[in-house]
Amino acid sequence: MSVKVKRILAFLVLVAIVFGWYVAGFGIGSINSVKDAIKYGLDINGGVYVVMEAHTDATGDALDELMEQTRAVLNNRVNQLGIAESSVTIEGTNRLRIEMPGVEDAEEAIEAIGKTAQLQFILADGTVVFDGSMVKDAAIATDGAYYKILLEFDSAGASAFEEATRKAFSGEVTASIDGMAANEIGIVLDDEIITHPYVKGVISGGSCEIEGKYTQEEASTTAALIRGGALPVELVEIQSSVQSATIGADALDKSIIAGAIGLGIVFLIMLVFYGMLGLVADIALLLYVVIFLWAMAGMGVVMTLPGIAALILSIGMAVDANVIIFARIKEEIAAGKSIRVAVNSGFKNALTTVLDAQITTLIAAVVLYEVGTTSVKGFALTLMIGIVISIFTAVVITQLFISLLADNKKFSKNRYFGVNEDGSPKQLLNKTFSFIKHRKIFYMISAGIIIVGLLFAFIGGMNYGIDFTGGTMIQIDMGKQVDISEVESALAEYDLEPSIIYAGEGNSQIVIKTIASLDNEKRSEIVDTLGKTYDITEANVLASEQFGPSVGDELKSNALLAVFIASIGMLIYIIFRFKSWKYGASAIIGVVHDVLMVIAFYAIFGYTVNNPFIAAILTLVGYSINDTIVIFDRIRENKALYPKDGSEINIDRSLNQTLNRTIMTSVTTLVVMIPLCIMVSASIREFIIPLMVGVIVGCCSSIFLCSPLYYDMCKSSEESKYVKSISAKAKKKK
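**A few points about the overall build of the chain**
Okay, so step 1: Broken down by element type, the chain carries 21 helices and 19 strands.
Okay, so step 2: Of all 734 residues assigned to the chain, the portion counted as buried reaches 52%.
Okay, so step 3: Once local pairs closer than 6 in sequence are excluded, the contacts in the chain between residues at least 24 apart make up 76%.
Okay, so step 4: Accessible surface for the chain amounts to roughly 33,000 Å². Of this, 59% is attributable to carbon and sulfur atoms.

In structure tokens, the structure reads:
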């Protein structure tokens with residue numbers, strides 16, 4: 001590619017960045033700002049969600065079909081409520097999760113979505129012909145170009161339908177319903193006409209076809225809605241949450257400001273430590289963030305707290321990709337190559353490392369998406385989007401701008417590429433450390449912390465939130481500080497044995513927690529009871545949650561299963577890429593170590609184990625494996641370059657060569673989190689602090705545990721080879 005073409009492309013990229021950020025901040029024409037365009041989860045934006053369990057004896061394919069029918073019916077009902085960005089998804093085998101952002105009257109919404117579907121067939125004058133109980137089945141078929149719906153009725157339905165078609169076809173009906181003609185029969189679900197085909201003639205025999213140039217999706221959806229009226233299923237509320245939108249809005253605004261501050265600090269760090277290369281990294285990162293945000297908006301991905309964790313992790317990985325490339329370029333320059341040759345060689349050598357690190361994390365994200373529950377899926381999808389974009393910005397955009405610098409006579413000098421005039425690369429740390437020699441000290445420290453943490457967990461128990469234990473939480477703005485003992489007395493009749501604590505500015509809020517699983521009606525009753533003593537109503541309820549015990553068990557088992565399968569997937573990839581089980585085994589042991597370390601942190605300091613805990617563990621898995629792969633890639637390379645050097649020398653050499661990159665990546669990832677931890681609410685702080693601990697633990701384990709473990713595995717085989725060679729020599733002498 002010529003320099004002229006590169007300049008044009010670089011200019012277009014800069015224009016795209018400026019335009020993208022302008023539209024993201026202010027919108028343009030019919031395009032909203034990215035803040036308004038992105039969908040937000042209930043943990044950010046407030047609203048109601050409820051998990052309903054279907055009580056049915058159906059199993060296997062029959063259960064799957066019934067759940068899909070019920071989902072279609074509920075989705076139709078929620079849409080009728082006029083709730084923007086609502087969603088209905090199937091969880092597990094017999095549960096449905098309904099999310100309704102912005103809903104304030106939780107009781108009314110839950111009651112509306114929980115009732116049994118009412119399906120009716122009507123004439124154009126409003127006469128009800130029969131109801132959905134007379135429909136035996138609704139299927140789809142194709143005539144080649146389009147799809148049609150096949151209906152089958154029971155004997156009573158067949159007679160009623162034949163009479164209705166006779167009336168509609170003969171002209172006896174006078175149309176009085178808007179949108180319906182006199183010769184049509186309407187199919188109504190929950191007072192909404194879902195289709196109204198015209199009658200070509202009198203239909204007998206108990207079956208009919210509805211033609212309307214349907215696509216396969218349209219026909220399947222309509223058939224599912226019709227079957228839903230014929231196959232009603234009892235739904236029981238087993239989990240629900242109501243959160244004030246004002247809390248979510250405040251947290252969102254503060255998160256945006258905190259995120260902007262964190263990114264600003266990262267930009268500054270890159271400029272200070274990498275100069276012109278840092279400026280290139282900042283350009284790539286600006287493009288990365290704006291593409292990421294618009295991708296989230298365009299794909300309709302819901303931003304949640306786990307999603308914020310994935311965004312933080314992917315930003316760290318995007319910075320890391322650039323740091324790996326810069327380190328390689330500096331090494332090539334220090335080896336005596338010209339700037340242009342060093343840039344080409346540096347990118348070539350760094351590409352394998354970048355792809356290995358990103359693909360390994362991508363495998364984890366894909367597995368987590370396939371296996372995990374809703375919150376885990378949100379984390380995984382956000383992370384997948386971030387990984388794909390970070391590869392593009394690092395490999396394409398960074399290379400474009402750095403190659404332009406290399407082609408420029410003014411900037412193609414050592415000082416602009418992080419290299420001193422004497423040819424030595426500028427480093428945060430210039431000292432060489434003997435990591436392998438002291439590895440047993442690191443083993444002992446890690447083992448000691450984990451053992452202490454497990455002792456705390458077994459003796460004192462983990463501080464499980466209601467997400468895991470099951471129970472109910474209600475947070476109420478009392479308007480002033482009240483006496484907790486008086487609140488307990490007011491609730492004595494309910495026999496809840498509640499835990500009540502203060503919250504909010506001036507302790508004007510209370511948080512009531514109980515292991516009793518209270519449905520929405522019971523929670524409203526408790527608020528009404530408190531209203532007799534205090535001047536509060538439902539409007540004072542800031543948040544409320546209810547979890548059945550089975551939900552907590554399922555949450556834990558799904559999270560463990562997701563991490564286990566992700567670890568197996570990463571292990572297989574590492575063995576395939578590195579041609580040795582030792583790399584894979586030591587990397588996965590490092591992941592297990594990191595998870596245990598975070599659990600120890602939760603146990604020792606009493607942090608609440610809840611949904612954010614799951615997000616923290618998932619982030620840790622992704623970050624830890626990414627860090628380890630970068631170091632392993634260098635070890636593999638050095639073993640090929642210096643085959644005569646032993647494992648200890650090569651591993652220490654690799655650790656010292658990548659140490660500056662490891663520290664820089666960890667610092668930039670932590671920097672993004674610190675403003676969020678300081679500026680945003682206590683609930684997000686409870687979520688961010690374990691993430692910060694996880695990043696530190698992941699960084700340390702890659703250096704002090706995984707690589708030494710790999711050394712110990714290699715050492716045993718090297719010693720075995722040495723013993724064999726000595727024995728062979730001894731035999732020859734004989």
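**Some details on the packing of aromatic side chains**
For any two aromatic rings, the description comes down to two numbers: the centre-to-centre distance and the angle of the planes.
Okay, so step 1: The final tally for this structure, using the stated rule, is 17 aromatic pairs.
Okay, so step 2: A centroid spacing of 4.4 Å and a plane angle of 45° characterise the contact between Phe442 and Phe704, whose relative ring orientation is tilted. Within this pair, whereas Phe442 is found in helix α13 (residues 439–459), its partner Phe704 is found in helix α21 (residues 682–733), the two being separated by 262 residues in sequence.
Okay, so step 3: Aromatic pair Tyr583 and Tyr710: ring centres 4.2 Å apart, planes at 20°, arrangement stacked. Here Tyr710 lies in helix α21 and Tyr583 lies in helix α18 (residues 581–605), a separation of 127 residues in the sequence. There is no split in this pair, since Tyr583 and Tyr710 are both buried.
Okay, so step 4: Here the aromatic cluster, defined as three or more aromatic residues joined through ring pairs, consists of Phe121, Phe130, Phe153 and Phe161.
Okay, so step 5: Lying over the aromatic face of Phe578, Arg636 brings its terminal NZ or CZ to 4.2 Å of the ring centre.
Okay, so step 6: A cation over an aromatic ring shows up here: Arg653 above the ring of Tyr642, its NZ or CZ 4.0 Å from the ring centre.

**So, the nonpolar core**
Okay, so step 1: Counting residues in each nonpolar core, the largest one holds 136 residues, and the members touching the most others are Leu285, Phe292, Ile402, Phe417 and Tyr602.
Okay, so step 2: With 16 residues, helix α10 (residues 305–334) is the largest single contributor of residues to this core.
Okay, so step 3: Sequence-distant contacts of Leu285, defined by excluding residues within four places in its chain, comprise Leu263, Val266, Phe267, Ile315, Ala318 and Val319.
Okay, so step 4: Counting 33 residues, the second largest nonpolar core, distinct from the first, contains Phe153, Val173, Val199 and Ala219.

**Focus: the sheet that holds strand β8 (residues 147–153)**
Okay, so step 1: Pairing is antiparallel in the open sheet, where 3 strands are placed in the order β7-β8-β11. Of all the strands in the sheet, the pair left with one neighbour each is β7 (135–142) and β11 (207–214). The sheet shows a mean angle of 20° between the axes of neighbouring strands, taken without regard to direction.

**Digging into the environment of Gly694**
Okay, so step 1: Position of Gly694 relative to the elements: it lies in helix α21.
Okay, so step 2: Considering only alpha carbons, one finds Gly694 and Ile617, 77 residues apart in sequence, at a separation of 7.6 Å.
Okay, so step 3: Beyond its immediate sequence surroundings of up to four residues, Gly694 is in contact with Val598 and Leu620.

**Here we look at the pairing of strand β9 (residues 185–189)**
Okay, so step 1: Counting buried residues along β9, 5 of its 5 residues qualify, which places the element largely inside the surrounding structure.
Okay, so step 2: Every second residue of β9 is oriented toward a common face, with Ile185, Ile187 and Leu189 on one face and Gly186 and Val188 on the other, all of them buried.
Okay, so step 3: As paired strands, strand β5 (residues 119–123) and β9 are joined by 5 bridges and run antiparallel to one another. Its bridge partner lying in β9, Ile122 is registered against Gly186.

**Considering the side chain of Ser666**
Okay, so step 1: Relative to the assigned elements, Ser666 resides in helix α20 (residues 647–679).
Okay, so step 2: Within the local environment of Ser666, its side chain forms a polar contact with the backbone oxygen of Thr662, the two atoms lying 3.0 Å apart.
Okay, so step 3: The contacts of Ser666, once residues within four sequence positions are left out, are Tyr623, Val695 and Cys699.

**Looking at helix α11 (residues 339–371)**
Okay, so step 1: When the terminal C-alpha atoms of α11 are compared, their 47 Å separation across 33 residues agrees well with the 48 Å that a helix rising 1.5 Å per residue should span.
Okay, so step 2: The axis of α11 is deflected most strongly, by about 30°, at Ala350.

**A few points about the confidence of the model for the chain**
Okay, so step 1: On average, residues of the chain score 80 in pLDDT, and 86% of them are at 70 or above.
Okay, so step 2: The secondary-structure element of the chain with the lowest mean pLDDT is helix α5 (residues 106–114), recorded at 63, while α13 shows the highest, at 92.

**Describing the pattern of salt bridges**
Okay, so step 1: Tallying each qualifying case throughout the model produces 20 salt bridges.
Okay, so step 2: The salt bridge partner of Arg636 is Asp356, with a shortest N-O separation of 3.3 Å. Of this pair, Arg636 sits in helix α19 (residues 611–641) while Asp356 sits in helix α11, placing them 280 residues apart in sequence.
Okay, so step 3: The class of Arg636 is partly exposed, set by a relative accessible area of 22%.
Okay, so step 4: For Asp356, a relative accessible area of 1% gives the class buried.
Okay, so step 5: Counted as one network, the salt bridges with shared partners bring together Arg328, Glu331, Arg634 and Glu637.

**Considering a negative patch on the surface**
Okay, so step 1: Negative charge collects at one region of the surface, where Glu493, Asp519, Glu521, Glu525, Asp528 and Glu538 lie side by side.
Okay, so step 2: Along the polypeptide, Asp519 turns up in the loop between β17 (509–514) and α16 (520–533).
Okay, so step 3: A residue is classified by how much of its surface remains accessible, and Asp519, at 36% relative accessible area, is partly exposed.

**Description of the pairing of strand β6 (residues 128–131)**
Okay, so step 1: Where β5 meets β6, 3 bridges bridge the pair, whose relative direction is antiparallel. In the sheet register, Ile122 faces β6, and the bridge partner there is Val128.
Okay, so step 2: Remark: 4 residues form the turn of the hairpin made by β5 and β6, two consecutive strands paired antiparallel; Gly126 in that turn has positive phi of roughly 95°.

**A short note on the packing of α13 against α18**
For any two helices packed against each other, the geometry comes down to the angle between their axes and how far apart the axes lie.
Okay, so step 1: Direction vectors running N to C along α13 and α18 enclose 50°, while the axes themselves pass 8 Å from each other. With respect to their mutual orientation, α13 and α18 come out oblique. Both α13 and α18 take part in a crossing whose hand is left-handed. Contacts from Ser446, Ile449, Ile450, Val452, Gly453, Phe456 and Ala457 in α13 reach His593, Leu596, Met597, Ala600, Ala603 and Ile604 in α18.
Okay, so step 2: When grouped by side-chain class, the residues that make up the contact of α13 with α18 number 10 nonpolar, 3 polar and no charged.

**Remarks on the environment of Phe273**
Okay, so step 1: Summarising the element assignment, Phe273 is placed in helix α8 (residues 245–274).
Okay, so step 2: For the pair formed by Phe273 and Gln427, sequence separation is 154 residues and the distance between their alpha carbons is 8.4 Å.

Reading the values: the criteria
Residues numbered from 1 in each chain as written. Predicted model: local features only at pLDDT ≥ 70, side-chain atom pairs only at ≥ 80, totals over all residues. Heavy atoms only, no water. Helix = DSSP H or I, 4+ residues; strand = E, 2+ residues; numbered from the N terminus. Buried < 20%, exposed > 50% of the residue type's maximum accessible area, 1.4 Å probe, protein only. Contact = heavy atoms within 4.5 Å. Areas by Shrake-Rupley, 256 points an atom, 1.4 Å probe, with all protein chains shown as cover. Phe/Tyr/Trp six-rings, centres within 6.5 Å; stacked < 30°, edge-to-face > 60°. Lys NZ or Arg CZ within 6 Å of the ring centre and 35° of its normal. Core = buried A, V, L, I, M, F, W, Y, C linked by side-chain atoms within 4.5 Å. Pairing = 2+ DSSP bridges. Axes fitted to C-alpha atoms, helices over the stretch in contact; angles between N-to-C directions. Polar contact = N/O pair within 3.5 Å; in protein donor to acceptor, adjacent residues only side chain to side chain. Expected span 1.5 Å × (residues − 1). Bend = angle between axes of the 7 residues up to and from the residue. pLDDT = per-residue confidence, 0-100. Salt bridge = Lys/Arg side-chain N within 4 Å of Asp/Glu carboxyl O. Patch = residues over 30% accessible without salt bridge, like charges linked within 9 Å, V, L, I, M, F, W, Y side chains within 5 Å. Lys, Arg positive; Asp, Glu negative; His and termini not counted. Charge placed at Lys NZ, Arg CZ, Asp CG, Glu CD. Parallel < 35°, antiparallel > 145°, perpendicular 65-115°, else oblique. Left-handed = near helix turned anticlockwise from the far one by under 90°. Nonpolar A, V, L, I, M, F, W, Y, C, P; charged D, E, K, R; others polar.

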